[in-house]
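Fold and contact review
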Amino acid sequence: GQHVFVAERTTSGTRIVKSFTGEGVSWSPDGKSLAYLRNNAAGKAVILRSVDTGEERAYPNDGLGLAQLRWMPDSSGIVAMVPHADGGALYLLDARTGVFRRLLPRNSSQHVRSAVIEVAPDGKTIYMPFHQAPGSPWQGIVGVDLETLTEKPIVTFAGPGYPGNTVPGLAVSPDGS
């Protein structure tokens, strides 16, 4: 299986201080926890690990097949777009309770949202690329308001769009502009 490594940098060099089984690691904004995925009998579970104590809490996701984890800026939860046979959905995992809340489907009446997501620094909006159908070029980026679960186009790509089946990544500036 895959491993997560935690390294420490000092003036004398870098050394691995922890190693454990997992993948897709994401460090919480408050620096207190790591979130990552670990395979188990039911699929992948989200693991929250205390950086200080090493204590792990496993949250099975009932075979949702989580891919990319993004922390909310206040470290209260983790957002993930879940690919699924029905097209998938955007979920929020409460970091305290382990409850998964389905926010909205991956497919809207107008387009398909990407599994590549990014949370705005204020935690109010989630950004993701979109296209008309699986396999078609990416056409732009939408923002989803987490309070109302409504979306609005942020940018539309000129021309044929971004080619290919995946968008390699998405990032939002720290000031949200």
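Residues numbered from 1 in each chain as written. Predicted model: local features only at pLDDT ≥ 70, side-chain atom pairs only at ≥ 80, totals over all residues. Heavy atoms only, no water.

Before going further, it helps to spend a moment on the overall build of the chain. Summing up its helical and strand segments, the chain has 0 helices and 15 strands in all. Going through the 177 residues of the chain one by one, you find that 41% of them count as buried. Taking contacts inside the chain between residues at least 6 apart in sequence as the whole, the part at least 24 apart equals 30%. Accessible area for the chain stands at about 9700 Å²; split by element, carbon and sulfur atoms hold 53% of it. (Helix = DSSP H or I, 4+ residues; strand = E, 2+ residues; numbered from the N terminus. Buried < 20%, exposed > 50% of the residue type's maximum accessible area, 1.4 Å probe, protein only. Contact = heavy atoms within 4.5 Å. Areas by Shrake-Rupley, 256 points an atom, 1.4 Å probe, with all protein chains shown as cover.)

Per-residue confidence for the chain gives a mean pLDDT of 80; residues scoring 70 or more make up 76%. Per-residue pLDDT, averaged within each element of the chain, yields its smallest value for strand β11 (residues 112-113) (68) and its largest for strand β7 (residues 70-71) (90). (pLDDT = per-residue confidence, 0-100.)

Next up on the list: unusual backbone geometry. Residues apart from glycine generally show negative phi values, whereas peptide bonds are mostly found in trans. Phi is positive for S75, which is not a glycine, with a value near 65 degrees. Positionally, S75 belongs in the loop between β7 and β8 (77-82). Judged by relative accessible area, which is 12%, S75 ranks as buried.

Centre-to-centre distance and the angle between the planes together describe a pair of aromatic rings. With the rule as written, the count across this model stands at 1 aromatic pair. Note on F20 and Y36: the rings are 5.0 Å apart at their centroids and 35 degrees apart in plane angle, and the pair reads as tilted. Pair noted here: F20 is in strand β2 (residues 13-21) and Y36 is in strand β4 (residues 33-40), with a separation of 16 residues, a long-range link. Each of the two residues, F20 as well as Y36, counts as buried. A cation over a ring is seen here: R49 above F20, with NZ or CZ 3.9 Å from the ring centre. (Phe/Tyr/Trp six-rings, centres within 6.5 Å; stacked < 30°, edge-to-face > 60°. Lys NZ or Arg CZ within 6 Å of the ring centre and 35° of its normal.)

For S75, the side chain forms a polar contact with the main-chain nitrogen of D30, separated by 3.1 Å. Excluding residues that lie within four positions of it along the chain, S75 makes contacts with S28, P29, D30 and A95. (Polar contact = N/O pair within 3.5 Å; in protein donor to acceptor, adjacent residues only side chain to side chain.)

Looking now at the pattern of salt bridges. On inspection of all chains with the given rule, the structure shows 5 salt bridges. Between R15 and E8 there is a salt bridge, and its shortest N-O distance comes to 3.1 Å. The exposure class assigned to E8 is partly exposed, which follows from its relative accessible area of 34%. One salt bridge connects R49 with E56, and the closest N-O pair in it is separated by 2.8 Å. Exposure remark for E56: the relative accessible area of 31% places this residue in the partly exposed category. Counted as one network, the salt bridges with shared partners bring together R38, R49 and E56. (Salt bridge = Lys/Arg side-chain N within 4 Å of Asp/Glu carboxyl O.)

Take the nonpolar core next. Core analysis: the biggest nonpolar cluster contains 15 residues, and M72, V79, L90, L103, I117, I126 and M128 have the highest contact counts within it. Only β8, β9 (89-94), β10 (100-105), β13 (125-131) and β14 (138-145) provide two or more residues apiece to this core. Considering every element that reaches this core, the biggest residue donor is β13, with 3 residues. Every residue in contact with M72, bar those within four places of it in the chain, is listed here: P29, G77, V79, L92, V119, G123 and L146. Residues A35, L37, A80 and A95 belong to the second largest nonpolar core, which totals 11 residues. (Core = buried A, V, L, I, M, F, W, Y, C linked by side-chain atoms within 4.5 Å.)

So, about the sheet that holds β9. Taken in spatial order, the 4 strands of this open sheet run β7-β8-β9-β10, and their pairing is antiparallel. Both edges of this open sheet fall to β7 and β10, since each of them pairs with a single strand only. (Pairing = 2+ DSSP bridges.)

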